[in-house]
Amino acid sequence: MQSELYLLNCWYGLAWSTELDDGALLARKVLGNSLVVFRDKEGRPAALRDRCSHRMAPLSMGKLKDGVVECAYHGMQYDGSGRCVHYPFGPVPARAVVEHYAVVERDKMIWIWPGNPELADSSLIPDYHFHNNDDAEDDWVVFGYTNVKADYRLEIDNLMDLSHAEYLHATSFGGRGFITNHGRYQVRDLGNEIHSNWWMPAIDLVHPGTRQPIGVQADHFLDMRWNAPSNMRLQVGFLPQGVHADREDAPRDDLPGQFSAHIITPEDEGSCHYFWSADRPKGSVGFVGGMDKEMGRKIFKVAFEIEDKPMLEAVAANMHKGFWEEKPLILPNDVGGIRARRRLAKLIREEQEPAGAEAVSSEALIQMTPSIS
Ligand code: FES
Ligand SMILES: [Fe+2]
């Protein structure tokens, strides 16, 4: 495993909240580490190393009983902090502890901080509050998950360069020439947050089903926000033509839009978890305006699973060296993605080689930092 792969002191998406419904015991690998994820007695999310302290049995093969995990092998039971609370054949031994990780539930997602738990600051979790507006027929959110056999940074590249929508998504939500014919590309660099945006003035709105113009013009924008290490949010806007022309070169987060989450978490060095969502706010126009929830679920799933995933996996299979060693051509539309890639590499470097620190073995560097308390 390469030591330059992952940032540890940061938040990654671990699971959608609903994945822990109904007493689920979820096995999930993140950053090369196998975890078991569940809700404790109080309903709080918990993540433990998926390995019993006795004979290394995966705890995810066991059962969740009233908020504690019972190992399937000899019945030891662990609570959400990883402490053994019951050994069926005698007193609980002092060393019967499994490592646990800092997790927080926010905006329908369980977030994990794989680094030093003492540094885990939940105010650093990027905002996805639109996930909580899933409450009406005309105001819904769909949530999905796609596993992609590719380095997680290829998925970031893909999302930061939405020009691919004109080709790869020609039969789902792209291919209408909006970017090709009207697009003006902009990058807003705020450090560990980078926006890779398209502004498309005076496009002809089309019906999402028939794809025929409906006789209305709009100013359209696609604003992709990246927060280190790999948490992204897309805002898609269709504004009354000319009304917000002054926003072409200004932040647009406050303007009405359709939001979607693109939360990427490395599974290991060759694959990643892609947690995606899409909302349809009340009064939507443009692409999602004419969709019901089922239609929305279907079309986003097609785009991410049938269109993006095979391409990213084929790209990954076509790479035989590291990204930079492959000497990829860098085009003007790649500025946002390349900045995010470089920023992430810098953060990883700084985390691994803090100023004045002694060199540490690469093996030690890539270990996630569990807590045993
Ligand atoms: S391996 Fe889990 S109780 Fe023995
Ligand atoms: Fe895509």
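About the cut-offs
Residues numbered from 1 in each chain as written. Chains lettered and ligands numbered in written order. Predicted model: local features only at pLDDT ≥ 70, side-chain atom pairs only at ≥ 80, totals over all residues. Buried ≥ 20, exposed ≤ 12 C-beta atoms within 10 Å, placed from the backbone. Helix = DSSP H or I, 4+ residues; strand = E, 2+ residues; numbered from the N terminus. Domains from an automatic or database assignment. Contact = placed C-beta atoms within 7 Å. Nonpolar A, V, L, I, M, F, W, Y, C, P; charged D, E, K, R; others polar. Pairing = 2+ DSSP bridges.

1. Points about helix α1 (residues 152-160)
Right, so step 1: In terms of burial, α1 is largely enclosed, as nine of its nine residues are buried.
Right, so step 2: Turning to α1, its buried residues are Y152, R153, L154, E155, I156, D157, N158, L159 and M160.

2. Looking at the domain arrangement of the protein
Right, so step 1: Here the domain parsing of the protein yields domain 1 (12-124) and domain 2 (138-328).
Right, so step 2: Of note, the centres of domain 1 and domain 2, computed from C-alpha atoms alone, are 33 Å apart.
Right, so step 3: Counting residues at the interface gives ten residues for domain 1, matched by ten residues for domain 2.
Right, so step 4: Those elements giving two or more residues to the side of domain 1 that touches domain 2 turn out to be β1 (12-16) and β2 (26-30).
Right, so step 5: At four residues, β1 tops the list of elements feeding residues into the side of domain 1 that touches domain 2.
Right, so step 6: Of the residues belonging to the side of domain 1 that touches domain 2, the class tally is six nonpolar, two polar and two charged.

3. Looking at the environment of G80
Right, so step 1: Mapped onto the elements of the fold, G80 is located in the loop between β7 (77-78) and β8 (84-86).
Right, so step 2: Considered as a pair, G80 and E42 are 38 residues apart in the sequence and their alpha carbons are 9.6 Å apart.
Right, so step 3: Residues contacting G80, with those up to four places away along its chain left out, are D40, R44 and A46.

4. Details of the pairing of β2
Right, so step 1: Sheet topology places β2 next to strand β3 (residues 33-39); five bridges connect them, and they run antiparallel. Considered in β3, the bridge of R28 is made with L35.
Right, so step 2: Counting the residues that bridge the hairpin from β2 to β3 gives two residues, and of these L31 lies at a positive phi of roughly 50°.

5. Considering the environment of S53
Right, so step 1: You can see S53 is positioned in the loop between β4 (45-49) and β5 (63-65).
Right, so step 2: Through-space distance from the C-alpha of S53 to that of V98 is 6.0 Å; in sequence the pair is 45 residues apart.
Right, so step 3: If we skip the residues at most four places from it in the chain, S53 touches C84, R95, A96, V97 and V98.

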